[in-house]
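Next come the chains, spelled out residue by residue.
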Amino acid sequence: MKQEQSISGVTTSNAFMGNQCAAPAGFSAEQSQIRQVESNARSITLSWQDNQKSEFHYIWLRHNCFCSQCGNSADGIRALTILDIDPDIRPARVSLDDTGNLLITWPDGHRSEYGPVWLRLHSYSKQQRQHRLSFTPTLWKADITDNFPSHDYRHIHEDESAHLAMLETLRDYGIVKLDNVGSEPAETERLASLLGPIHETTVYGRIFEVQVEAVSKLGSKTAIHQDTHHDDAFCYNHPGVVVFHCLQNIDGEGGESTYCDGFAIAESLRNEAPEAFELLTRIPVQHIRRHPGEIDFRIHAPLIRLDWNGNVSGVRYFDRAMAPLDLPAELIEPMYAAVREYHRRMVSDEFKAVIKIPAGTAVFIDNNRSMHGRNAFVPTSPRRIRTCHVPRDEFHGRLRDLGARLGRDDFDLILPQGPARPDAPCRGQ
Ligand SMILES: [Fe+2]
Ligand SMILES: [Zn+2]
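Thresholds, definitions, all that
- Residues numbered from 1 in each chain as written.
- Chains lettered and ligands numbered in written order.
- Predicted model: local features only at pLDDT ≥ 70, side-chain atom pairs only at ≥ 80, totals over all residues.
- Heavy atoms only, no water.
- Helix = DSSP H or I, 4+ residues; strand = E, 2+ residues; numbered from the N terminus.
- Buried < 20%, exposed > 50% of the residue type's maximum accessible area, 1.4 Å probe, protein only.
- Contact = heavy atoms within 4.5 Å.
- Areas by Shrake-Rupley, 256 points an atom, 1.4 Å probe, with all protein chains shown as cover.
- Lys, Arg positive; Asp, Glu negative; His and termini not counted.
- Charge placed at Lys NZ, Arg CZ, Asp CG, Glu CD.
- Core = buried A, V, L, I, M, F, W, Y, C linked by side-chain atoms within 4.5 Å.
- Donors = N, O, S within 2.8 Å, 3.2 Å for Na, K, Ca; no water.
- Domains from an automatic or database assignment.
- Pairing = 2+ DSSP bridges.
- Tetrahedral: all angles 85-135°; square planar, octahedral: opposite > 155°, others 65-115°.
- Salt bridge = Lys/Arg side-chain N within 4 Å of Asp/Glu carboxyl O.

**Observations concerning the overall build of the protein chain**
So, point 1. Summing up its helical and strand segments, the protein chain has nine helices and 24 strands in all.
So, point 2. Judged by the C-alpha coordinates and their principal axes, the protein chain covers about 75 × 55 × 45 Å.
So, point 3. Residues classed as buried in the protein chain amount to 50% of the 429 residues present.
So, point 4. Put simply, of all contacts in the protein chain between residues at least 6 apart along the chain, 73% involve residues at least 24 apart.
So, point 5. Total accessible area computed for the protein chain in this model is approximately 20,300 Å², and 48% of it derives from carbon and sulfur atoms.
So, point 6. Each charge sign in the protein chain was given a centre, from 46 positive and 57 negative side chains, and these centres are 2 Å apart.

As structure tokens, then:
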């Protein structure tokens, strides 16, 4: 850490680090030592002690100078813009200093210093990019109930490694159960704070009581059966993580929770029903929620979103809120056939997990991936659930920050970024 002051005399809350960072756990000395620097026409190639190579373009190096004059993208206090850089920029001088830093002097005399660990972590070599793209979700089916991913809630607020382990389970499975939360209504808010601030919505408000009401505006205010769904799938940015806090449940039959893994269904379609998969990743379906005088939410977006590498990055489906299809006539029947393929799996014994959540237990559900529903129950039963939502950015942000601080070597993996926006590109290119 060199200094706290930044550009134009501004003092930033981020400690000024320049292009330096600490080596993560498991990082070998060979990985963080530059053996040789080779200058090319538009880039340099670094050879590392472990025989890997990384190419860095001059424009990339100049743009990512995070010195105290240029500023830093991590806090957005930054003076340098892309227009300040000659697209054909070439260094006047390139060298390594005694401690292994890469030093570059630019034609205007500006000097940049890049630490080897920072360079290695930001390398866009094929091998380094493959590492960042290596996140693989743990797909699951109905038999997840035999060994439901669970963590003990007690002490989790005081124990960062227990907290991180729970977030990692939610990342990998898209669902996690927390035991021993207790049935105090006030605990719902504290529970949600493990993920981040609560996201208030018009439909649910801030914290929502899932209890039967005489005049029902929502399915959840009834006792009827509900197929699994994604909450608020009709919103452009639909809720991130569903926080489900069970205060009281029913002894005996009824009120069981049902879950399924939208990513597992998507992968099953990719393998077994490729035509349906292709349509569901490319053609929008419509979802709606309308309470006249209050709200009118509508979305046209594909049911399955792929990222630019072709991996599933989000699923949205809420059959009860599916609006009349608004598509070219020749796509109506093929789209019904494709949605049927998804829905058939969603309600099947193969994919649908059924589990009774005991009182005093909570479940976090990644609403971008895992679907939730419940079996019918007697309307006069004492079943009482409190729910709220937390944005996925907050959950992933906390996961990365804790992961980096506790020395995880996978804290910077690129995670599934969510379901399709209405105007998102539909296919990987
Ligand atoms: Fe729901
Ligand atoms: Zn600079």
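Still more to cover.
**Side note on the nonpolar core**
So, point 1. Counting residues in hydrophobic clusters, the biggest one holds 29 residues, and the most contacted among them are Leu269, Leu280, Leu303, Ile304, Met335 and Tyr342.
So, point 2. Those elements giving two or more residues to this core turn out to be α6 (262-272), α7 (274-282), β19 (304-306), β20 (312-315) and α8 (329-346).
So, point 3. The element best represented in this core is α8, accounting for six residues.
So, point 4. Once residues within four sequence positions are removed from consideration, Tyr342 is found in contact with His230, Gly262, Ile265, Leu269, Leu280, Leu303, Val315, Tyr317 and Met371.
So, point 5. By size, the runner-up hydrophobic cluster in this structure holds 26 residues, among which are Leu170, Val181, Val243 and Leu415.

**Thoughts on the coordination of the iron ion (ligand 1)**
So, point 1. At the metal site, the iron ion (ligand 1) is ligated by His229 (NE2), Asp231 (OD) and His372 (NE2), and these contacts range over 2.1 to 2.3 Å.
So, point 2. Counting gaps between the donor residues of the iron ion (ligand 1) yields the pattern H-x1-D-x140-H. In this pair, His229 sits in strand β14 (residues 226-229) while His372 sits in strand β23 (residues 370-374), placing the two residues 143 residues apart along the sequence.
So, point 3. By relative accessible area, which is 12% here, His372 ends up buried.

**Points about the domain arrangement of the protein chain**
So, point 1. What the domain assignment lists for the protein chain is domain 1 (30-132) and domain 2 (142-405).
So, point 2. Computed from C-alpha atoms alone, the centre-to-centre distance between domain 1 and domain 2 is 43 Å.

**A few points about the pairing of strand β15 (residues 241-248)**
So, point 1. Of all eight residues making up β15, seven are buried, and the element is well covered by its neighbours.
So, point 2. The sheet contact formed by β15 and strand β24 (residues 384-390) spans seven bridges and is antiparallel. Paired with Val243 across the two strands is Cys388, which belongs to β24.

**Considerations on the coordination of the zinc ion (ligand 2)**
In an ideal tetrahedron of four donors about a metal, each angle is 109.5 degrees. In an ideal octahedron of six donors, the angles are 90 or 180 degrees.
So, point 1. Ligation of the zinc ion (ligand 2) by protein atoms is provided by Cys65 (SG), Cys67 (SG), Cys70 (SG) and His110 (NE2), these donors lying 2.2 to 2.3 Å from the ion.
So, point 2. Between the four donor atoms coordinating the zinc ion (ligand 2), the angles at the centre fall across 101 to 118°, so the site counts as tetrahedral.

**Description of the environment of Gln49**
So, point 1. Locating Gln49 in the fold gives a position in the loop between β4 (43-48) and β5 (53-57).
So, point 2. Gln49 sits in the partly exposed class, given a relative accessible area of 33%.
So, point 3. Between the alpha carbons of Gln49 and Ser28 there is a distance of 9.8 Å; along the sequence they are 21 residues apart.
So, point 4. Beyond its immediate stretch of four places on either side in the chain, Gln49 contacts Glu30, Gln33 and Arg35.

**Quick word on the pattern of salt bridges**
Pairs can form between side chains of opposite charge whenever their charged atoms are close.
So, point 1. Evaluation of the coordinates by the stated rule reveals 24 salt bridges.
So, point 2. Of the charged contacts, one joins Glu272 and Arg345 as a salt bridge, the two residues approaching to 3.0 Å between their closest N and O atoms. Taken as a pair, Glu272 in helix α6 and Arg345 in helix α8 lie far apart in primary sequence, 73 residues in all.
So, point 3. The salt bridge partner of Arg345 is Glu341, with a shortest N-O separation of 2.7 Å. Placement of the pair is Arg345 and Glu341 together in helix α8, with a separation of four residues, close to one helical turn.
So, point 4. Among the charged side chains, a network of salt bridges with common partners joins Glu272, Glu341, Arg344 and Arg345.

**Let's talk about the environment of Ser39**
So, point 1. Mapped onto the secondary structure, Ser39 falls in strand β3 (residues 34-39).
So, point 2. Once residues within four sequence positions are removed from consideration, Ser39 is found in contact with Ile44, Tyr58 and Val94.

**Some remarks on the pairing of strand β10 (residues 111-114)**
So, point 1. Taking every second residue as pointing to the same face, the buried face of β10 carries Ser112 and Tyr114, while none of Arg111 and Glu113 on the other face is buried.
So, point 2. One ladder, built from four bridges, connects strand β9 (residues 102-105) with β10; its direction is antiparallel. Bridging across to β10, Ile104 finds its partner in Ser112.
So, point 3. In textbook terms, the turn of a hairpin is the stretch between consecutive antiparallel strands, and for β9 and β10 this stretch comprises five residues, one of which, Gly109, has a positive phi near 95°.

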